Amino acid sequence: MSFEPNILTFCCNWCSYAGADLAGVSRFQYPANIRIIRVMCSGRVEPAFILEALNDGADGVLITGCHIGDCHYIDGNKNAEIRINNTKKALAKLGFDKRLRLEWVSASEGARFAEVVKDFTEEIKKLGPNPVKEVKINE
Amino acid sequence: MSDNKGTETERTETKGTEVQKDNDEKRVGVFVCECGVNIGGVVNTKAVADYIGTLPGVKVTSVNKFTCSDSGQADIQQKIKEHNLNRVVVAACSPKTHEPTFRACLEQMGLNQYFLEFVNIRDHCSWIHMWEKEKATEKAKDLVRMGVERSKLLEPLVQSEVPVIDKALVIGAGVAGMQSALDLADMGFQVYLVEKEPSIGGRMARFDKVFPTNDCSICILGPKMVEVARNKNIKIMSYSEVKAVDGYVGNFNVKIEHKPRYLDVAKCTGCAKCSEVCPVEVPYDFNEGFGTRKAIYVSFPQAVPLRAVLDKENCINCKACAKACASGAINYDMQPSYTDLNVGIIVVSVGFKTYDPEQRHDFGYGLYDNVITAMEFERLLNAAGPTGGHVVRPSDCKEPVRVGFVNCVGSRDKATNIYCSGVCCMVTIKNAQLLKEKRPETDHTIMYIDIRTPFRAYEESYNRSRNLGVKFLRGRPVEVKEDPVTKNIKVRVEDTLAGEIRNLEFDLMVLATGIVPHEGINQIQQLLKLSKAADGLLMEAHPKLKPVDTTIDGVYLAGVASGPKDIPYAVSQGSACAGRAAILLKNRKAVTEGITAVVNPDVCVGCQVCIPMCPFQAIKMDEKEGKANVVKALCKGCGTCVAACPTGALEQSHFKNNQLLAQVKNVFRFQEVAA
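Residues numbered from 1 in each chain as written. Chains lettered and ligands numbered in written order. Predicted model: local features only at pLDDT ≥ 70, side-chain atom pairs only at ≥ 80, totals over all residues. Heavy atoms only, no water.

Asker: Please explain the interface of chain A and chain B as it appears in this structure.
Answerer: For an interface, size is often stated in terms of accessible area lost upon the parts coming together. Each partner contributes residues to the interface: chain A has 54 residues there, and chain B has 57 residues. Taken together, the two surfaces of chain A and chain B that pack against each other cover about 4,800 Å², and 60% of this comes from carbon and sulfur. Residues A:Glu52 and B:Lys665 are paired through a salt bridge, measuring 2.5 Å at the closest nitrogen-oxygen approach. The interface formed by chain A and chain B includes 23 residue pairs in polar contact (both at pLDDT 80 or more). Only β1 (7-12), α1 (16-25), β2 (34-39), α2 (47-55), α3 (76-92) and α5 (131-138) of chain A provide two or more residues apiece to the side of chain A that touches chain B. (Contact = heavy atoms within 4.5 Å. Buried area = accessible area lost by both parts, 1.4 Å probe. Salt bridge = Lys/Arg side-chain N within 4 Å of Asp/Glu carboxyl O. Polar contact = N/O pair within 3.5 Å; in protein donor to acceptor, adjacent residues only side chain to side chain. Helix = DSSP H or I, 4+ residues; strand = E, 2+ residues; numbered from the N terminus.)

Below, the structure is given as structure tokens:
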């Protein structure tokens, strides 16, 4: 059986969650590999959530928020950007940085949401399964 | 909503006053919706319910055809009673549309509404995995499991009520904004009507006649403009712009900039003596650049307020106007002035502009004199226009006989805008009719992709044009050239109905340019934190059920700023906004979400990392205790500070760390598989 990655996705309530809704309403088909958690703002996503997910065996973590300038809370997404970039740097040391991605998707970008998911799923497929899983199974 | 300066308003917590004790064992009920075949046709809902029923804490599961229906909700309520449920998980569509429905359903049963967990298995599952039924079913199981685990950790919250100032701000005084202002004012509310141009009236003031009845535009708009000016509850702020907005529903603080007219409006009588003596002539923007106006001018004869304005950029400082002004109104040193408003609601009716074909030289526009836009044609038709209502062509001021019209310029075109602007077919039909009636010897050809005449009397108007002899040719010009001698426009076009190439020659060609957002829309969007749709215009809260609401409570949208519309539609929206806004203005209160950040003072070390994170200045230091403190009335509940808190002292209610981690840790069944 081919590798089907598990991807955890965070959506902000105002833009990207609505964008994901629009992808649904528009019936834009995309891979069934993602599971969405809704937060009010991408600025709410803590690095701990990302690490926890990767440690639990998620193959990828996708954070989505409003485009810069469009944040419902003025600049929560800018804080998210700083945090995610820092987390990425830390993950780079473990070779996990490509498993984390930050994307901006507006409420009107249903097609873009589907594209982002498709693209990230493909990338994670190329990377292969999260090595943590193998370690844990062998334990 | 930039900085928030001391707009603290007491929030009174009155709704759901009793917060239930929550020490009981968690008894979860899970309700899986089939949404007809929307979910049920893809996801095996029974399999989902069966699986979820095996999870600890789940006391009952139920599958409904339509959970949101009366019987679906009755089922929830009955099971709450039967099983003494204290948590409810609804797996259905989007919480963005249906969460309020089910929250109310819980409240009715005496359960705190925040004990509802809403799982989206339609928009985020069945609709996007239509051909992967097994995968969709597995995904739905995961999503519902995450919801169940989160639900067990949900805590009761109370919503707050905020007082609403019973004053309104309407941004943009086109026909939609004017209607909103009038309706609100007639209901007795104070309205501030802000317009960036020197006169109210908007686009409609520039039209000659309006379809499908072909009545004179300014003749029906003019009296309305006067009505607005006379209404004692409306304060017109013309030649003014919104510069800053902060606050929230019920209590917006708005800074308005009044651009200098360089004359005292209290003294100016609008007599236009100043214009008569002004030696400077510049292209007249009101006439779409045809003809000229002076550097000091009244924007058009029916302007409201009827006051002059000095265009300082083109003024040569000769001071002739000051000498001519009998009332001594001219003041060359005028500076912008500012007004701070405090309003409860805001109506956004900022309008549109038409697509500019110059940028791509569509159909030779900007290259050939005798290719003009429909708005320019409109001004040529107008009796108060640059030619006194005689349609002449720009190259030689001769009256054209053969007129070609091209539809969908800047609309329905992948290279510009893919959407249909909705009104241009009718504009073209009307324009051809008007000229044909004035000068029956003229010959008109409308080149179109499709003719769209959806509303009352539109099709009849189309038929009327045909009966008058206007020709309709389905096809878009593929080649447009100018005859160097006659300046006539030569067009090669495929008649797609006849299946043949036609070579046509016109004296004048008119482009029906589409509707596009104007530059100011970005500023308003960012000031108010509104969403923009793919077409660049502003986005409503829900395309069907909340067409004039926005995602910002207390902010409403009217007119073309939220999508192409004709005049009756824009006017209806103006009234609709007034009606929606009046609910808040009359009740004098609004309910706001209970989701805010909360500090645990036992854990807070007073490091102040959170303070600069908050864009609303809602976190203050309690200097005495040395701890951070969240001002609830200012907190909008984004949770950005929570993510920054190094000690975990800050929590976001309803999105607490343990609640979100419950979802994270239950997202994939890796551990089960591994074990």
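Asker: What's the story with the pairing of strand β4 (residues 116-120) of chain B in this structure? I'm lost.
Answerer: Each regular strand displays side chains that alternate between the two surfaces of the sheet. All names here are of chain B. Among the five residues of β4, five are classified as buried, and the element is accordingly described as predominantly covered. Burial along β4 is two-sided: the residues Leu116, Phe118 and Asn120 and Glu117 and Val119 are all buried. Bridging between strand β3 (residues 87-92) and β4 involves five bridges; their strand directions are parallel. Among the inter-strand pairings, alanine 91 is bridged to a residue of β4, identified as valine 119. For the crossover from β3 across helix α3 (residues 95-108) to β4, the handedness is right-handed. (Buried < 20%, exposed > 50% of the residue type's maximum accessible area, 1.4 Å probe, protein only. Pairing = 2+ DSSP bridges. Right-handed = clockwise from strand over helix to strand, strands pointing away.)

Asker: Can you walk me through the packing of aromatic side chains in this structure?
Answerer: What describes a pair of aromatic rings is the distance from one ring centre to the other and the angle between the planes of the rings. Residues and elements named next belong to chain B. One pass over the structure, following the stated rule, counts 11 aromatic pairs over all chains. Both rings, one in tyrosine 284 and one in phenylalanine 286, keep their centres 6.0 Å apart while their planes meet at 35°; by these two values the pair is tilted. On the basis of relative accessibility, which here comes to 8%, the residue phenylalanine 286 falls in the buried class. In textbook terms, an aromatic cluster arises when at least three aromatic residues are bridged by ring pairs, as seen for Phe211, Phe455 and Tyr458. Note that arginine 150 overlies the ring of phenylalanine 655, its terminal NZ or CZ placed 5.0 Å from the centroid. Over the face of the ring belonging to tyrosine 332 we find lysine 319, whose NZ or CZ atom lies 5.4 Å from the ring centre. (Phe/Tyr/Trp six-rings, centres within 6.5 Å; stacked < 30°, edge-to-face > 60°. Lys NZ or Arg CZ within 6 Å of the ring centre and 35° of its normal.)

Asker: Explain the pattern of salt bridges here, please?
Answerer: A pair can form between side chains of opposite charge whenever their charged atoms are brought close. According to the stated counting rule, one finds 54 salt bridges over all chains in the structure shown. Note that A:Glu4 and A:Lys125 form a salt bridge whose closest N and O atoms lie 3.9 Å from each other. With A:Glu4 in the segment before β1 and A:Lys125 in helix α4 (residues 110-127), this pair connects stretches of sequence that are 121 residues apart. Look at A:Glu4 and you get partly exposed, because its relative accessible area is 27%. The partner of B:Lys430 in a salt bridge is B:Glu378, with the nearest N and O atoms 2.6 Å apart. Of the two residues, B:Lys430 is situated in helix α11 (residues 424-438) and B:Glu378 in helix α10 (residues 374-381); the sequence distance between them amounts to 52 residues.

Asker: Just checking my understanding: could you explain the side chain of B:Asp566 for this structure?
Answerer: Residues and elements named next belong to chain B. Along the chain, aspartate 566 falls in the loop between β29 (555-557) and α14 (567-587). At 8.8 Å, lysine 565 is the nearest oppositely charged side chain to aspartate 566, a buried residue that forms no salt bridge. Polar side-chain contacts of aspartate 566 include one of 2.3 Å to the side chain of tyrosine 458. (Lys, Arg positive; Asp, Glu negative; His and termini not counted.)

Asker: Which parts of the structure should I look at to understand the state of the cysteines?
Answerer: Chemically, a disulfide is nothing more than a covalent bond linking the sulfur atoms of two cysteines. Residue and element names in this part refer to chain A. Tallying each qualifying case throughout the model produces two disulfides over all chains. One disulfide in the model links cysteine 15 with cysteine 66; its S-S distance is 2.4 Å. On the sign convention where negative is left-handed, the bridge of cysteine 15 and cysteine 66, at about 95° about the S-S bond, is right-handed. In this pair, cysteine 15 sits in the loop between β1 and α1 while cysteine 66 sits in the loop between β3 (60-65) and α3, placing the two residues 51 residues apart along the sequence. Per residue, the accessibility class of cysteine 15 equals that of cysteine 66, and both read buried. (Disulfide = S-S within 2.5 Å.)

Asker: Sorry, what's going on with the packing of α11(B) against helix α12 (residues 458-468) of chain B here?
Answerer: Packed helices, taken two at a time, are described by the angle their axes make and the gap between the axes. Residues and elements named next belong to chain B. Between α11 and α12, the least distance of the axes is 10 Å, while the angle of their chain directions is 40°. As the angle between them shows, α11 and α12 are arranged oblique. Pair α11 / α12 crosses with left-handed handedness. Every residue of α12 that contacts α11 at Met426, Ile429, Gln433, Lys436 and Glu437 is listed here: Tyr458, Ser461, Tyr462, Arg464, Ser465 and Leu468. A class-by-class count of the residues in the contact of α11 with α12 yields five nonpolar, three polar and three charged. (Axes fitted to C-alpha atoms, helices over the stretch in contact; angles between N-to-C directions. Parallel < 35°, antiparallel > 145°, perpendicular 65-115°, else oblique. Left-handed = near helix turned anticlockwise from the far one by under 90°. Nonpolar A, V, L, I, M, F, W, Y, C, P; charged D, E, K, R; others polar.)

Asker: Whenever I open this one, the nonpolar core confuses me. Can you help?
Answerer: Nonpolar side chains in soluble globular proteins tend to be buried together. Counting 97 residues, the largest nonpolar core has A:Phe10, B:Ile121 and B:Val144 as the members making the most contacts within it. With six residues, helix α5 (residues 133-152) of chain B is the single largest residue contributor to this core. Residues in contact with B:Ile121, not counting those within four places in the same chain, are B:Val32, B:Cys33, B:Ile39, B:Ala91, B:Ala92, B:Cys93, B:Ser126, B:Ala140, B:Leu143 and B:Val144. Listed in part, the 65 residues of the second largest apolar core include B:Val164, B:Val170, B:Ala308 and B:Tyr332. (Core = buried A, V, L, I, M, F, W, Y, C linked by side-chain atoms within 4.5 Å.)

Asker: Please clarify how the sheet that holds β3(A) should be interpreted in this entry.
Answerer: Neighbouring strands of a sheet are bound in pairs by backbone hydrogen bonds; such pairs are parallel or else antiparallel. Read from one edge to the other, the open sheet built from four strands follows the order β2-β1-β3-β4 (chain A), with strand pairing classed as parallel. Two strands close off the open sheet at either side, each with one partner strand: β2 and β4 (100-104) of chain A. The mean inter-strand angle of the sheet, taken between neighbouring strand axes irrespective of direction, is 20°. Summarising the sheet, β1(A) and β2(A) pair through six bridges and their orientation is parallel. By the bridge assignment, A:Cys11 is partnered in β2(A) with A:Arg38. Packing against the sheet, helix α16 (residues 657-665) of chain B makes contact with β1 and β2 of chain A, and its axis sits at approximately 175° to β2(A).

Asker: Looking at this structure, I do not really get unusual backbone geometry. What am I missing?
Answerer: Only a minority of non-glycine residues have a phi that is not negative, and only a minority of peptide bonds are not trans. All names here are of chain B. Note the cis peptide between phenylalanine 211 and proline 212, where omega equals -10°. Take proline 212: it is sitting in the loop between β8 (209-210) and β9 (215-216). Each neighbour pair has its own omega, and for valine 304 with proline 305 the value is -5°, a cis peptide bond. Structurally, proline 305 is set in the loop between β15 (296-297) and β16 (309-310). Although it is not a glycine, glutamate 288 adopts a positive phi angle of roughly 60°. For glutamate 288, the position within the fold is in the loop between β13 (281-283) and β14 (292-294). Positioned with a positive phi, histidine 361 is a non-glycine residue whose angle comes to about 50°. By the secondary structure assignment, histidine 361 is in the loop between β19 (353-354) and β20 (371-373).

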